[in-house]
Each structure stands twice: as structure tokens, then as C-alpha cells.
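# Coordinates in review
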Amino acid sequence: MACALAEQARARGVCRLGWHCYAANAPSVATALKAGFALESEYAPLFAWFDETINLAINGNVRLQRGEYADALEWFERALAAGAQGGWVYWGAAQAAAAAGQTETALRYLRQALDRGAVSREQLETTEHLRPLHDTPGWRALLAGL
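So, here's what we can say about the structure. (Residues numbered from 1 in each chain as written. Predicted model: local features only at pLDDT ≥ 70, side-chain atom pairs only at ≥ 80, totals over all residues. Heavy atoms only, no water.)

Summed over all chains, the structure comprises two aromatic pairs. On the basis of an interplanar angle of 50° and a centroid distance of 6.2 Å, the ring pair of Y90 and Y109 is categorised as tilted. One end of the pair, Y90, is in helix 5 (residues 87-99); the other, Y109, is in helix 6 (residues 103-115), and 19 residues separate them in sequence. R78 extends its terminal NZ or CZ atom over the ring of W75, reaching a point 4.4 Å from the ring centre. A cation over a ring is seen here: R108 above Y109, with NZ or CZ 4.7 Å from the ring centre. (Phe/Tyr/Trp six-rings, centres within 6.5 Å; stacked < 30°, edge-to-face > 60°. Helix = DSSP H or I, 4+ residues; strand = E, 2+ residues; numbered from the N terminus. Lys NZ or Arg CZ within 6 Å of the ring centre and 35° of its normal.)

In C-alpha cells:
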């Protein structure tokens with residue numbers, strides 16, 4: 001499909017095509033390369049949502065995915081301070097806090113995510129970012145309470 005699009009564009013006089021995707025989106029990157037596109041530049045994306053709390057939380061998600069855990073936690077906490085209510089925001093904050101080594105903060109946010117139905121026991125037990133919590137008394141207490 002990408003090759004067909006490029007051919008149609010050329011046939012219509014389009015001189016330049018671009019392909020934008022997250023660097024971590026390996027299938028998209030592979031498709032672009034296979035279709036003949038070449039990496040020209042990398043840049044940090046800017047996320048903008050009309051709801052400021054969602055905008056803040058999405059920026060937290062991006063930093064969590066990049067492994068920038070302290071920054072991610074800061075963005076999630078800004079979202080929560082601005083009034084974000086979604087359980088997924090607490091879930092993201094919990095993951096960021098756990099990965100950043102902030103055990104008590106992570107457990108607090110996990111409880112809030114659970115209270116909002118944002119996470120299952122399976123997710124708790126398999127999410128890599130939460131591994132630092134697994135040997136703590138707070139983690140065992142959290143699981144026992146489910």
C-alpha cells in the first residue's frame with residue numbers, strides 16, 4: 001500500500017513524500033524502509049490535546065515509554081493536580097514511580113488505579129515497570145487485598 005501511494009503521488013506530480021512515525025514503532029519503521037523511504041531526521045513529538053489534563057497525562061505516557069521515569073511521574077502528577085480523574089493516569093503514575101524507585105508513591109497510585117478499575121491483577125503481576133515492587137511488603141499487602 002505504501003508503494004502504491006508513492007507511485008500515485010509521483011504520477012500526480014508530487015515531488016516529496018514523508019513518513020512520520022514513532023522510532024519505537026518497529027513495524028511502521030520497517031514498512032517505510034521497505035517502501036524505499038530513508039531516515040532523514042528524528043525529532044521529539046509535541047502532543048497537544050484540547051483537555052489540558054489529558055495533554056499532561058499523554059506527555060507522561062510518552063516519557064514512560066521512553067524510559068524517562070522521573071519526568072513521566074512529574075507529568076502524571078501535574079495531570080492529577082490539574083484534575084485528571086482517569087484511572088489510566090494513576091496507572092501510568094504508578095508505573096513511573098515504581099520504575100523511578102519511589103515505592104510508596106507507586107503503591108499509593110496503584111491503589112488509586114485499582115479503585116478506579118483501571119488495572120487487573122494480571123496486569124499488576126506482569127507489567128515490567130512494577131518489578132521493583134515485587135519483593136516489598138507493600139506489594140504483598142496490595143496483592144493480598146485483591
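Take the pattern of salt bridges next. Pairs can form between side chains of opposite charge once their charged atoms are near each other. Taken as a whole and judged by the stated rule, the model has four salt bridges. Notably, a salt bridge pairs E128 with R131, separated by 3.3 Å at the nearest N-O pair. (Salt bridge = Lys/Arg side-chain N within 4 Å of Asp/Glu carboxyl O.)

Here we take up helix 1 (residues 2-11). Among the residues of helix 1, those classed as buried are A2, A6 and A9. End-on view of helix 1: buried residues confined to an arc of 60°, all on one side of the axis. Residues of helix 1 that are exposed and point over 90 degrees away from its buried face: E7 and A11. Following helix 1 by one or two positions, G13 adopts a phi angle in the positive range, close to 90°. (Buried < 20%, exposed > 50% of the residue type's maximum accessible area, 1.4 Å probe, protein only. Arc of directions from axis to C-beta.)

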